[in-house]
Amino acid sequence: GAALEKNPDEAVLEDWDLTLSDLIDRTRGSRKIVQDAAHITDKEMQDILPIHPYTALLLKYISSAFASNQRSMFSFIKGESLNDDDEDEKRGFQWFIDKYGPDDDNPLLTIDMLWEYFYDRGKEDLDRDVRSVLDYYNRALKRQLDSDEKRVLKTVLLLQAISDNSGDSVELFIPNEKNIEKAFEGSDIEKSAVNVCNKLVRDKVLLKKSLGSGKFEYGIYKDEGEVDTAPFEELI
């Protein structure tokens, strides 16, 4: 939040107060669970809007998955150009606020919007295990996914990659129905994201794994030949 600077113009600040009020209303549930997990105040959570609470939490972890700090949460927010590539900054936070506004269908920087900056433009420096999960996306594209399916799939893969990398120690990163729903809270696909996940299961793009006690998580097919033999329970 301290890295985000507001325009000091009084008229702009007045408009921002109205926008912030709407973003606060949109993200009450996700702010609460991230706030509890990170042990920070709701004021600190509000200060990072329009970055979605789930996105802010994931930023910390995905940044640590890069070799030699090639990409950090601060370079993403401040729009620093990395690896002498001026195009890098165009997919960070500065790119988002230039392209999107409060009247857009999705006024929040959701997890799927991290994809280009941290994967498409940075995968060479990613931790190998994290990258191996994210690489699955290119296999899945053979299924002719629509735009919502791509957004949800990117989110599932980012959550799974970081959850695996952190030894499943952060419950909020386990790609289950609750976390997928909260990751898109306040966005244009808040109410349909879980349905999209389940469609990807039916289409054999994702698997749905039973964790016992009525709990499940989404996952990827590890190998091309695993569709019929994967140790996942297909429920839908």
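Residues numbered from 1 in each chain as written. Predicted model: local features only at pLDDT ≥ 70, side-chain atom pairs only at ≥ 80, totals over all residues. Heavy atoms only, no water.

## Quick notes on the pattern of salt bridges
Here is step 1 of the chain: Going through the model one piece at a time under the given rule, you end up with 12 salt bridges.
Here is step 2 of the chain: Across the pair aspartate 112 and arginine 151 runs a salt bridge whose closest N-O atoms are separated by 3.4 Å. Of this pair, aspartate 112 sits in the loop between helix H6 (93-99) and helix H7 (115-120) while arginine 151 sits in helix H10 (residues 147-165); the two residues are 39 residues apart in sequence, bridging distant segments of the chain.
Here is step 3 of the chain: On the accessibility criterion, aspartate 112 (9% relative accessible area) is buried.
Here is step 4 of the chain: Linking arginine 131 and aspartate 135 is a salt bridge whose minimum nitrogen-to-oxygen distance equals 3.7 Å.
Here is step 5 of the chain: Its relative accessible area of 29% is what places aspartate 135 among the partly exposed residues.
Here is step 6 of the chain: Linked through salt bridges whose partners overlap, the residues forming this network are Asp112, Arg151 and Asp188. (Salt bridge = Lys/Arg side-chain N within 4 Å of Asp/Glu carboxyl O. Helix = DSSP H or I, 4+ residues; strand = E, 2+ residues; numbered from the N terminus. Buried < 20%, exposed > 50% of the residue type's maximum accessible area, 1.4 Å probe, protein only.)

## A word on the pairing of strand S2 (residues 215-219)
Here is step 1 of the chain: Sheet topology note: the strand S1 (residues 207-212)/S2 ladder contains 5 bridges and is antiparallel. If you follow lysine 208 over to S2, its bridge partner there is tyrosine 218.
Here is step 2 of the chain: The turn linking S1 back onto S2 is made up of 2 residues, and serine 213 within it adopts a positive phi angle of 55 degrees. (Pairing = 2+ DSSP bridges.)

## Looking at the environment of isoleucine 77
Here is step 1 of the chain: Its place among the elements puts isoleucine 77 in helix H5 (residues 73-78).
Here is step 2 of the chain: Each C-alpha atom, one on isoleucine 77 and one on phenylalanine 96, is 9.7 Å from the other, the two residues being 19 residues apart in sequence.

## Notes on the side chain of histidine 52
Here is step 1 of the chain: Of note, histidine 52 is situated in the loop between helix H3 (42-46) and helix H4 (53-63).
Here is step 2 of the chain: Looking at histidine 52, the relative accessible area reads 0%, which means it is buried.
Here is step 3 of the chain: Separated by 3.1 Å, the side chain of histidine 52 and the backbone nitrogen of tyrosine 54 make a polar contact.
Here is step 4 of the chain: In terms of polar contacts, histidine 52 uses its side chain to reach the backbone carbonyl oxygen of glutamate 185, at 3.0 Å.
Here is step 5 of the chain: Sequence-distant contacts of histidine 52, defined by excluding residues within four places in its chain, comprise Thr27, Ser30, Leu108, Leu109, Thr110, Lys182, Ala183, Phe184 and Glu185. (Polar contact = N/O pair within 3.5 Å; in protein donor to acceptor, adjacent residues only side chain to side chain. Contact = heavy atoms within 4.5 Å.)

## Considering helix H2 (residues 28-38)
Here is step 1 of the chain: Among the residues of H2, those classed as buried are Gly29, Ser30, Arg31, Ile33, Val34 and Gln35.
Here is step 2 of the chain: Two residues or fewer past H2, histidine 39 is found with a positive phi of approximately 55 degrees.

## Some points on the confidence of the model for the protein
Here is step 1 of the chain: Model confidence for the protein is summarised by a mean pLDDT of 85, while 82% of its residues fall at 70 or above.
Here is step 2 of the chain: Within the model, the stretch residues 225-236 combines pLDDT values under 50 with 23 contacts to residues more than four positions away or in other chains. (pLDDT = per-residue confidence, 0-100.)

## Some thoughts on unusual backbone geometry
Here is step 1 of the chain: Of note, the amide linkage connecting leucine 49 to proline 50 takes the cis form, showing an omega dihedral of 15 degrees.
Here is step 2 of the chain: The phi torsion at serine 213 lies on the positive side, around 55 degrees, for a residue other than glycine.
Here is step 3 of the chain: With respect to the helices and strands, the residue serine 213 is situated in the loop between S1 and S2.
Here is step 4 of the chain: Since its relative accessible area comes to 79%, serine 213 is described here as exposed.

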